[in-house]
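Each chain is listed here by its residues.
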Amino acid sequence: MNKKVEKEQKRLAILLRTMTNGYMLEVNNEGYMYFNAQSLLEGFLIHVGLERLEAMTKEEIKDMLNSLKDGSAVKKLQAEVTELKALVDDQKRQIRDLKKTIKELNEE
């Protein structure tokens, strides 16, 4: 029962209206205006598909979609993950060495 309630709470509220001068997309009460179908589709992918609800410029949207399309976003994120894992491993090693040093000092 709890999983069903959580799933319903995470559901995005999406409203799409055709206006006289374009399209209005509303996601969780945040409104976005688009003046042609192509920009509407791009905005929909960003705001609904990726759940990026903050306002973004046309250039930011195009850059994000291009980086997802050519794979550079995935490569960049994977590189960051690898770097963070190495950092965590190094910190774990340092903690282990410090604990060993503390133990040796307490035994003296």
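Heads up: the structure comes first, above all this text.
Keep in mind that what you see is a predicted model, and the values were worked out from it rather than measured.

Engineer: What should I look at first to understand the nonpolar core in this one?
Structural biologist: A general trend in soluble globular proteins is that nonpolar side chains are found buried together. By size, the foremost hydrophobic cluster in this structure holds seven residues: Leu12, Leu25, Val27, Tyr32, Tyr34, Leu40 and Val48. Where this core is concerned, the elements lending two or more residues are β2 (22–27), β3 (30–34) and α2 (37–49). Sequence-distant contacts of tyrosine 34, that is, excluding residues within four places in its chain, are made with Gly22, Tyr23, Leu25, Ser39, Leu40, Gly43 and His47. Grouped together as the second largest cluster of nonpolar side chains are five residues, Ile46, Ile61, Met64 and Leu65 included.

Engineer: What's the story with the pattern of salt bridges in this structure? I'm lost.
Structural biologist: Opposite charge on two side chains permits pairing when their charged atoms draw close. According to the stated counting rule, one finds three salt bridges in the structure shown. Salt-bridge contacts for lysine 62 lead to glutamate 42; the nearest nitrogen and oxygen are separated by 3.1 Å. Of this pair, lysine 62 sits in helix α3 (residues 58–70) while glutamate 42 sits in helix α2, and the two are 20 residues apart along the sequence. Judged by its relative accessible area of 42%, lysine 62 falls in the partly exposed class. For glutamate 42, a relative accessible area of 14% corresponds to the buried category. A salt bridge links glutamate 54 to arginine 52, with the shortest nitrogen-to-oxygen separation between them at 2.7 Å.

Criteria and cut-off values
- Residues numbered from 1 in each chain as written.
- Predicted model: local features only at pLDDT ≥ 70, side-chain atom pairs only at ≥ 80, totals over all residues.
- Heavy atoms only, no water.
- Core = buried A, V, L, I, M, F, W, Y, C linked by side-chain atoms within 4.5 Å.
- Buried < 20%, exposed > 50% of the residue type's maximum accessible area, 1.4 Å probe, protein only.
- Helix = DSSP H or I, 4+ residues; strand = E, 2+ residues; numbered from the N terminus.
- Contact = heavy atoms within 4.5 Å.
- Salt bridge = Lys/Arg side-chain N within 4 Å of Asp/Glu carboxyl O.

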